[in-house]
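Each chain is listed here by its residues.
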Amino acid sequence: MTTTITGATGIDNIQAATGAVLQVVEGATTTQTAHNSTSFAATAITASITPSSTSSKILVSVTSNIESNGAGEKAIYSIYRSTTPIAFGHTLQPTGASGSIIFPIALQKLDSPSTASAVTYTLYIKRTDATIVGNLNSTGDGRTQTGTITLMEIAG
């Protein structure tokens, strides 16, 4: 099966096999951000992509880390397409743990936005305890990690 791509790429009538990678977009930030909201809040890990076809799928991959310093504390994170959450994950600091612990964030979702218009994907984070701050993109020793979001358009 093939997909015909017209106009959006500047080249008309290209035949791409279903499952072919049509484009890749990456967003990255080294911004270290403190999060203590118990409601989902957008992070600086974001990127936009304009699919070539309404049948395209977008593989969204997010990597970063979050520093947690409260026993039993949970950070919940989500990939949002515009204002719609499409994937969730969480970290949990063990009860009785003390000090700072760095948790990796790795989340993927194969999304079907059903549009040929620009789509924005963003990592959102919330905490279960507003008194405890989680630092996104922190290594815990004063250095900063790069948080990334990679968007791959897959021919549908």
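Residues numbered from 1 in each chain as written. Predicted model: local features only at pLDDT ≥ 70, side-chain atom pairs only at ≥ 80, totals over all residues. Heavy atoms only, no water.

Focus on the nonpolar core
Then step 1. The biggest cluster of nonpolar side chains holds 22 residues, and the ones touching the most others in it are Val60, Ile79, Tyr121, Ile149 and Leu151.
Then step 2. Elements with a minimum of two residues in this core: β5 (41-49), β6 (57-68), β7 (74-81), β8 (84-92), β9 (101-111), β10 (119-127) and β12 (147-154).
Then step 3. Discounting residues that sit within four places of it in the chain, Ile79 has contacts with Val60, Val62, Thr84, Pro85, Ile86, Ala87, Leu107, Lys109, Tyr121 and Thr122. (Core = buried A, V, L, I, M, F, W, Y, C linked by side-chain atoms within 4.5 Å. Buried < 20%, exposed > 50% of the residue type's maximum accessible area, 1.4 Å probe, protein only. Helix = DSSP H or I, 4+ residues; strand = E, 2+ residues; numbered from the N terminus. Contact = heavy atoms within 4.5 Å.)

Points about the pattern of salt bridges
Then step 1. Taken as a whole, this structure holds one salt bridge when the rule is applied.
Then step 2. One salt bridge in this structure joins Asp111 and Arg81, with 2.6 Å as the shortest N-O distance. Remark: Arg81 occurs in strand β7 and Asp111 occurs in strand β9; sequence separation between them is 30 residues.
Then step 3. Judged by relative accessible area, Asp111 falls into the buried class, the value being 4%. (Salt bridge = Lys/Arg side-chain N within 4 Å of Asp/Glu carboxyl O.)

Observations concerning the side chain of Asn137
Then step 1. Turning to its location among the elements, Asn137 is positioned in the loop between β11 (134-136) and β12.
Then step 2. A residue is classified by how much of its surface remains accessible, and Asn137, at 0% relative accessible area, is buried.
Then step 3. A distance of 3.4 Å separates a polar atom in the side chain of Asn137 from the backbone nitrogen of Gly147.
Then step 4. When residues no more than four places from it in sequence are discounted, the contact partners of Asn137 are Thr29, Thr30, Thr31, Gln32, Ile45, Ser64, Asn65, Arg143, Thr144, Gln145, Thr146 and Gly147. (Polar contact = N/O pair within 3.5 Å; in protein donor to acceptor, adjacent residues only side chain to side chain.)

Let's talk about the sheet that holds β8
Then step 1. Spatially, four strands are ordered β5-β10-β7-β8 in an open sheet, and the strand pairing comes out antiparallel. Each edge of the open sheet carries a strand with a single partner, namely β5 and β8. Here the average twist between neighbouring strands, direction ignored, is 15°.
Then step 2. Sheet analysis places β7 next to β10, joined by seven bridges and oriented antiparallel. By the bridge assignment, Arg81 is partnered in β10 with Tyr121. (Pairing = 2+ DSSP bridges. Axes fitted to C-alpha atoms, helices over the stretch in contact; angles between N-to-C directions.)

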